[in-house]
Amino acid sequence: MNTALKWMAAGAAALLLAGCGADSGSSSSSAPEAELVGTYAVKQNGALKELIRIEKQGDGYVMRDKVRTAEWSEPKMTMKPVTREHWTRITTDKENTAFVGVASEQLGIFKVPAGWQKNGFKTSTGYFLFYSRGPVEAYKL
């Protein structure tokens, strides 16, 4: 429980800051964050369940979800590229971990090397969602 609280405290502050102006420096679709465009699932009762979709929109990204319905929602939030500084605030990772991420004030989606671990969380897929309750393993479909 203590580990989860550390993630939540670090993440809540960092995600608020991440939504406040992280600039990728380029609006090109060749930006590293472009590889995060797609549909993501989480495991629920041992089965994969589609949960969010990241789409490119203008100079940024938007997220749609299937939290309350079987169909994709209207765009729920704008997401911006996560800088190294924001990554460190969100994860407390001070290593030179390779990552790509986009985040809003409420949610972040990240790609890291498969097997990456920090604060008791480990991702076997290399993808994870980060929100107020901490990190959750994600599966890119």
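So, here's what we can say about the structure.

Definitions and limits used
Residues numbered from 1 in each chain as written. Predicted model: local features only at pLDDT ≥ 70, side-chain atom pairs only at ≥ 80, totals over all residues. Heavy atoms only, no water. Pairing = 2+ DSSP bridges. Helix = DSSP H or I, 4+ residues; strand = E, 2+ residues; numbered from the N terminus. Core = buried A, V, L, I, M, F, W, Y, C linked by side-chain atoms within 4.5 Å. Buried < 20%, exposed > 50% of the residue type's maximum accessible area, 1.4 Å probe, protein only. Contact = heavy atoms within 4.5 Å.

1. Side note on the pairing of strand S6 (residues 108–111)
Where strand S5 (residues 100–103) and S6 come together, 4 bridges link them in antiparallel fashion. Bridge pairing in S6 places Gly101 opposite Phe110. What sits between the antiparallel neighbours S5 and S6 is a turn of 4 residues. By the bridge criterion, 4 bridges tie S6 to strand S9 (residues 127–131) in an arrangement that is antiparallel. Bridging from a neighbouring strand, Gly108 pairs with Phe130 of S9.

2. Focus on the nonpolar core
Residues Tyr40, Ile52, Ile54, Met79, Ile109 and Leu129 are the most contacted members of the largest nonpolar core, which totals 18 residues. At the level of secondary structure, the elements contributing two or more residues to this core comprise strand S1 (38–44), strand S2 (47–57), strand S3 (60–65), strand S4 (77–81), S5 and S9. Per element, the largest residue contribution to this core is 3 residues, and it comes from S2. Look past the residues within four positions of Tyr40 in its chain and what remains in contact with it is Glu35, Lys49, Glu50, Leu51, Ile52, Ile54, Ile109, Tyr127, Ala138, Tyr139 and Lys140. Judged by nonpolar contacts, the second largest core, of 11 residues, contains Trp87, Phe110, Trp116 and Phe130.

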